[in-house]
Amino acid sequence: MSKLRTHQQMQATITSYRKDVMHFEEFLCEISMNCSLLNGKIHLIQKWIKKQHKEDVAYSTIKRRITSFHQFSRLISSSMHINMQMN
C-alpha cells in the first residue's frame, strides 16, 4: 500500500472520529448542558445513546461513536496527566 493511500485512510479515520465526538458535543448543547466535552458524565452519555437509539441510528454507528468518544476521553485524560506532571 502506498504511503499516500495510507495517509489518506488515516485522515479519513481522524475526520470520522472528529465528527463522532462533535455529535456528542452537539447533543450536550441540545440539552442545554455545558457544551464542553469535559462534561461527558456517564448519565449524559447514556442519554446520548438512548436518543440515537430512538432516532433509529444503526447499532454499528452508535458503537463507533462511543468508541470515538472513549478514545477522545483517554487522549484528554492522558494529556491532562502529562500536564500535571510537568507543572
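To be clear, the structure that these remarks concern was listed above.
Report on the accompanying structure. Computed from a predicted model, the values in this text were never measured in an experiment. (Residues numbered from 1 in each chain as written. Predicted model: local features only at pLDDT ≥ 70, side-chain atom pairs only at ≥ 80, totals over all residues. Heavy atoms only, no water.)

**Side note on helix 2 (residues 42-54)**
Given a rise of 1.5 Å per residue, 13 residues ought to cover 18 Å, and the 18 Å separating the end C-alpha atoms of helix 2 matches this to within 8%. Regarding helix 2, the residues found buried are L44, I45, W48 and Q52. Buried residues along helix 2 cover an arc of 100 degrees about the axis, so they all sit on one side. With respect to the buried face of helix 2, the exposed residues turned more than 90 degrees away are I42, K50, H53 and K54. A positive backbone phi angle near 60 degrees is found at D56, which sits one or two residues after helix 2. (Helix = DSSP H or I, 4+ residues; strand = E, 2+ residues; numbered from the N terminus. Expected span 1.5 Å × (residues − 1). Buried < 20%, exposed > 50% of the residue type's maximum accessible area, 1.4 Å probe, protein only. Arc of directions from axis to C-beta.)

**Details of the pattern of salt bridges**
Evaluated as defined, the whole model comprises four salt bridges. A salt bridge links D20 to R64, with the shortest nitrogen-to-oxygen separation between them at 2.8 Å. Remark: R64 occurs in helix 3 (residues 59-86) and D20 occurs in helix 1 (residues 3-30); sequence separation between them is 44 residues. By relative accessible area, D20 is classed as buried at 3%. D20 serves as the salt-bridge partner of R65, at 3.9 Å between the closest nitrogen and oxygen. Pair noted here: R65 is in helix 3 and D20 is in helix 1, with a separation of 45 residues, a long-range link. What emerges from the salt-bridge pattern is a single network uniting D20, R64 and R65. (Salt bridge = Lys/Arg side-chain N within 4 Å of Asp/Glu carboxyl O.)

Honestly, that's just the spatial picture; any functional story needs more than this.
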